[in-house]
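Structure assessment
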Amino acid sequence: MPVMVVSKSNFNTIKNSEKTVLLDFYADWCGPCRMVAPIIEEIAKEHPEYIVGKINVDKEPALAQEFAVTSIPMLVVMKNGDIVTKSVGARPKSQILSMLKG
């Protein structure tokens, strides 16, 4: 499954999914965000049991504010509409998968 572009308009559908959700808060100008991007893409392709979405903080400031994003990249794992865990900074694939498995 490809990475979804998440915006205010489709966020509630994603948030209320029965699947575990991984959200990547990023910006195009952010170096560490570009390092994490291919890992996020891999996880989306290899693990269809998860919904993987990217939120551009410059284009979606309301969502960034809702999640109290103060530094990027920030990864958020949600289950049943609730935040399970957050992580700031670039992470290796193994750590991101551990976050998803909870």
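Here goes a summary of the coordinates provided. (Residues numbered from 1 in each chain as written. Predicted model: local features only at pLDDT ≥ 70, side-chain atom pairs only at ≥ 80, totals over all residues. Heavy atoms only, no water.)

It is worth spelling out the packing of helix H2 (residues 31-46) against helix H4 (residues 93-101) at this point. Contact pair H2 / H4: the axes reach a minimum separation of 10 Å and the direction vectors enclose 50°. In terms of axis orientation, H2 runs oblique to H4. Crossing of H2 over H4 shows right-handed handedness. When H2 is examined against H4, the residues Ile-39, Ile-40, Glu-42, Ile-43 and Glu-46 are found in contact with a partner set consisting of Lys-93, Ile-96, Leu-97 and Leu-100. (Axes fitted to C-alpha atoms, helices over the stretch in contact; angles between N-to-C directions. Helix = DSSP H or I, 4+ residues; strand = E, 2+ residues; numbered from the N terminus. Parallel < 35°, antiparallel > 145°, perpendicular 65-115°, else oblique. Left-handed = near helix turned anticlockwise from the far one by under 90°. Contact = heavy atoms within 4.5 Å.)

Evaluation of the coordinates by the stated rule reveals one disulfide. In this model Cys-30 forms its disulfide with Cys-33; the gap between the sulfur atoms is 2.4 Å. Every disulfide takes its handedness from the sign of the S-S torsion; for Cys-30 and Cys-33 that torsion is 80°, giving right-handed. Residues Cys-30 and Cys-33 agree in their burial class; the two are buried. (Disulfide = S-S within 2.5 Å. Buried < 20%, exposed > 50% of the residue type's maximum accessible area, 1.4 Å probe, protein only.)

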